[in-house]
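Read off the chains here:
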Amino acid sequence: MHPAQILVLGFGGLILLGTFLFMLPIATYEEGRGLNFIDALFEATSAVCVTGLAVVDTGTTFTLFGEIVLLSLIQVGGWGFMTTGIFMFIILGKKIGLKERLLLQDSLNVFSIAGVVTLVKRIILITFIVELIGATVLAIRWSFEMPVRKAIYYGIFHSISAFNNAGFGLEPDNLSKWVGDPTVNLAITSLFITGGIGFTVILDIWAKRSFRKLSLHSKIALLMSLFLNIIGFLMILLSEYSNSATIANLSFADKLWASYFQGVVTRTAGFNTIDIGAMNLSSLVFMMALMFIGASSGSTGGGIKVTTFAIITLAFWAVVTNRDNVNLFKRRIPWELVNKSLSIVVAAIFFIFLIFFLLTLTEKADMSKLLFETISAFGTVGLSANFTPELSPFGRILITIMMFIGRLGPLTMAFALLNPKKEAKVKYAEEKILIG
C-alpha cells in the first residue's frame, strides 16, 4: 500500500473508534443514549482532525467520560496517527523497523528517515512541557472566578485544545466572556501559535538560537506567520471597529485584544472571543483567505501551509520578473518543490470547490456561510458563522469529509485515491501550447 493509504486508514480507524465511544450512553448527559451515528462521526472527526467544528455544545452535552474521550482524540490527532503509534512502540519496547520509519517520515513531512524516532520523542516531550505550562497559567487565572478543581480541569482542557489547534471550549460562547482578559488571550494564543509553527521549527529554534543560523524552512515559517498574524490583526480591527454586533461597544483596549485574538486564531484554531456570525462580510472573506493558507508544515494546524503559500508567491514573482530561479535568503528553491506546492494548491481548490458545490445542493443558506464552513473545515480551523448546528445530515457528512481531507492534506488524499505508480523513464517529443 502507498504510505498515504496507510495514513488514511490509520486516521479513519481512530475516527471510527471515537465515533463508537461517543455513541455510548455514558458519553453524554442525555439519559440512556449517546450521540447518533452522524453526530458522533462529526464530533470524532473534528477532534481527530483537530478542527473544532461542533454540532453539539461540548460543555453541556458530554459527560466527564465524553470530554476525556474528546481530549484523547484531540491529543492523538494533533500528534498524528504514526507519531502516536511509534510512541506506543517506544513505551512497549518494541523494535521500530524501516517500514515504520518510512511511514513516520511521510506522516511528519520531513526530508529523511534519519532521526525520526528521536524526533518523535522530542515532539512528545515538547507537547507535555508546553501544555503543562499553558494549563498551569490558565488554571491559576481561572481559580479566581471558579472552584480550584474546576479551574485546573478548565486549564488542562483548554491547554490541550489550544496547543493542538483544536478550538474546542467548555463554555457555550467559547471564550467570549474573556474577550478583554490579557492572561487568557496571551495564554491561548501563545499555545496555538506555538503548535501552529511546527515541531521541526521549535526544535530548530532550540538548537540554533539564532535567526541567521535557522534553516530556510524555519525562516519562512516564522516570517510568514508573523506577517499573516499582523495583517490579520489589523484587518479585523479596521473591518470590525464600527460593528456594534462585535467590537464597536467594547473599550479601546478590549477592541485591540479582540482583534488580536480573532486575527491570529483564524489560520489555526477555532476559538472565538466575538460572535463570528455577526462579523462583516469583508472580515469573513479575509478570514477565509487566512484559513486557506493555514499553519506551518509539520504542525498541528491545517491549510495549504504558510511555506507552500510562500513558495508559490515567490514562484509567481520569479515568472513575472523573468527569472530562471526561485531564490530567498541566498538559497535556491528547486522547481520540483515549486511544482509540488502548485499541486497542493490545485488539489485544495478542487476539493474545496467539490464540497462547496455539493453543500449548495444539500443546504439552504447563503453562499458566504457555506464557503466559510467549507474552508474552515479544510483548514481544520473550526470557526463557524453560527451555521454548523444547522447542517443537514448530508451536510454534516460533507463537512466531515472536508475535515478529513484537510487534516491529511489534499495531496496525501489525492495519492491515497489515485495510488500513483512510478512513471516509466520515457521522454516524449516536446510540443508547446498556448496559455494565459
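A quick note: this is a predicted structure, and the numbers were derived from the prediction, not measured.

1. A word on the packing of helix H16 (residues 367–378) against helix H17 (residues 393–408)
Here comes step 1: Put simply, H16 and H17 touch, their axes get as near as 7 Å, and they point 40° apart. Contacts between H16 and H17 pair Glu-373, Thr-374, Ala-377 and Phe-378 from the former with Ile-399, Met-402, Met-403 and Gly-406 from the latter.
Here comes step 2: Split into classes, the residues belonging to the contact of H16 with H17 amount to five nonpolar, two polar and one charged.

2. A closer look at the nonpolar core
Here comes step 1: The biggest cluster of nonpolar side chains holds 104 residues, and the ones touching the most others in it are Phe-22, Trp-142, Ile-188, Phe-271 and Phe-372.
Here comes step 2: Not counting residues within four places of it along the chain, the set of residues in contact with Phe-22 comprises Ala-27, Thr-28, Gly-34, Leu-35, Ala-40, Glu-43, Ala-44, Phe-62, Gly-66, Val-69, Leu-70 and Leu-73.
Here comes step 3: Core analysis: the second largest hydrophobic core is formed by seven residues, Ile-220, Met-224, Leu-290 and Ile-293 among them.

3. A short note on the pattern of salt bridges
Here comes step 1: Inspection of the entire model under this criterion finds five salt bridges.
Here comes step 2: A salt bridge links Asp-181 to Arg-141; its shortest N-O distance comes to 2.5 Å. Of this pair, Asp-181 sits in the loop between helix H8 (148–163) and helix H9 (182–197) while Arg-141 sits in helix H7 (residues 116–142), placing them 40 residues apart in sequence. The two residues Asp-181 and Arg-141 agree in class, both being buried.
Here comes step 3: Here Lys-208 and Asp-204 are joined by a salt bridge, their closest N and O atoms 2.9 Å apart. On the criterion of helical spacing, the pair formed by Lys-208 and Asp-204 is a turn pair, its members being four residues apart in helix H10 (residues 199–208).
Here comes step 4: Looking at Asp-204, the relative accessible area reads 10%, which means it is buried.

4. As for a nonpolar patch on the surface
Here comes step 1: On the surface, Phe-316, Trp-317, Val-319, Val-320 and Trp-335 cluster together to form a nonpolar patch covering roughly 560 Å² of accessible area.
Here comes step 2: The leading source of residues in the nonpolar patch is helix H14 (residues 306–320), at four residues.
Here comes step 3: As for its placement among the helices and strands, Val-320 is situated in helix H14.

5. Remarks on the packing of helix H11 (residues 216–240) against H14
Here comes step 1: Where H11 contacts H14, the two axes come as close as 9 Å, and the packing angle between them is 95°. Judged by the angle between their axes, H11 and H14 are roughly perpendicular. Residues His-217, Ile-220, Ala-221, Met-224, Ser-225 and Leu-228 of H11 pack against Val-306, Thr-307, Phe-309 and Ala-310 of H14.

6. Overview of unusual backbone geometry
Here comes step 1: Even without being glycine, Asn-174 reaches a positive phi, approximately 60°.
Here comes step 2: Residue classification places Asn-174 among the buried positions, given a relative accessible area of 10%.

7. Considerations on the packing of aromatic side chains
Here comes step 1: Taken as a whole, this structure holds eleven aromatic pairs when the rule is applied.
Here comes step 2: Plain terms: the ring middles of Phe-211 and Phe-329 are 6.3 Å apart, the flat faces sit at 70° to each other, and that makes the pair edge-to-face. Placement of the pair is Phe-211 in the loop between H10 and H11 and Phe-329 in the loop between strand E1 (326–328) and strand E2 (331–333), with a sequence separation of 118 residues.
Here comes step 3: A residue is classified by how much of its surface remains accessible, and Phe-329, at 37% relative accessible area, is partly exposed.
Here comes step 4: An aromatic cluster of three or more residues is present, and its members are Trp-142, Tyr-154 and Trp-178.
Here comes step 5: A cation over an aromatic ring shows up here: Arg-209 above the ring of Trp-206, its NZ or CZ 4.3 Å from the ring centre.

8. Quick word on the environment of Phe-357
Here comes step 1: Position of Phe-357 among the secondary structure elements: in helix H15 (residues 335–362).
Here comes step 2: Residue Phe-357 is classed as partly exposed on the basis of its relative accessible area of 40%.

9. Describing the side chain of Asn-174
Here comes step 1: Within the element layout of this structure, Asn-174 appears in the loop between H8 and H9.
Here comes step 2: From its side chain, Asn-174 meets the backbone oxygen of Gly-167 in a polar contact 3.4 Å long.
Here comes step 3: Reaching out from Asn-174, the side chain makes a polar contact with the backbone nitrogen of Asn-272 at a distance of 3.2 Å.
Here comes step 4: Leave out the neighbours within four places in its chain, and Asn-174 touches Gly-167, Gly-169, Gly-270, Phe-271 and Asn-272.

10. Some details on H17
Since the α-helix turns once every 3.6 residues, residues separated by three or four places project in the same direction.
Here comes step 1: When the terminal C-alpha atoms of H17 are compared, their 23 Å separation across 16 residues agrees well with the 22 Å that a helix rising 1.5 Å per residue should span.
Here comes step 2: Restricting attention to buried positions, one finds in H17 the residues Gly-395, Arg-396, Leu-398, Ile-399, Thr-400, Met-402, Met-403, Phe-404, Ile-405, Gly-406, Arg-407 and Leu-408.
Here comes step 3: One or two steps after H17, the chain reaches Gly-409, where phi turns positive at roughly 105°.

What counts and what doesn't
Residues numbered from 1 in each chain as written. Predicted model: local features only at pLDDT ≥ 70, side-chain atom pairs only at ≥ 80, totals over all residues. Heavy atoms only, no water. Axes fitted to C-alpha atoms, helices over the stretch in contact; angles between N-to-C directions. Helix = DSSP H or I, 4+ residues; strand = E, 2+ residues; numbered from the N terminus. Contact = heavy atoms within 4.5 Å. Nonpolar A, V, L, I, M, F, W, Y, C, P; charged D, E, K, R; others polar. Core = buried A, V, L, I, M, F, W, Y, C linked by side-chain atoms within 4.5 Å. Buried < 20%, exposed > 50% of the residue type's maximum accessible area, 1.4 Å probe, protein only. Salt bridge = Lys/Arg side-chain N within 4 Å of Asp/Glu carboxyl O. Patch = residues over 30% accessible without salt bridge, like charges linked within 9 Å, V, L, I, M, F, W, Y side chains within 5 Å. Areas by Shrake-Rupley, 256 points an atom, 1.4 Å probe, with all protein chains shown as cover. Parallel < 35°, antiparallel > 145°, perpendicular 65-115°, else oblique. Phe/Tyr/Trp six-rings, centres within 6.5 Å; stacked < 30°, edge-to-face > 60°. Lys NZ or Arg CZ within 6 Å of the ring centre and 35° of its normal. Polar contact = N/O pair within 3.5 Å; in protein donor to acceptor, adjacent residues only side chain to side chain. Expected span 1.5 Å × (residues − 1).

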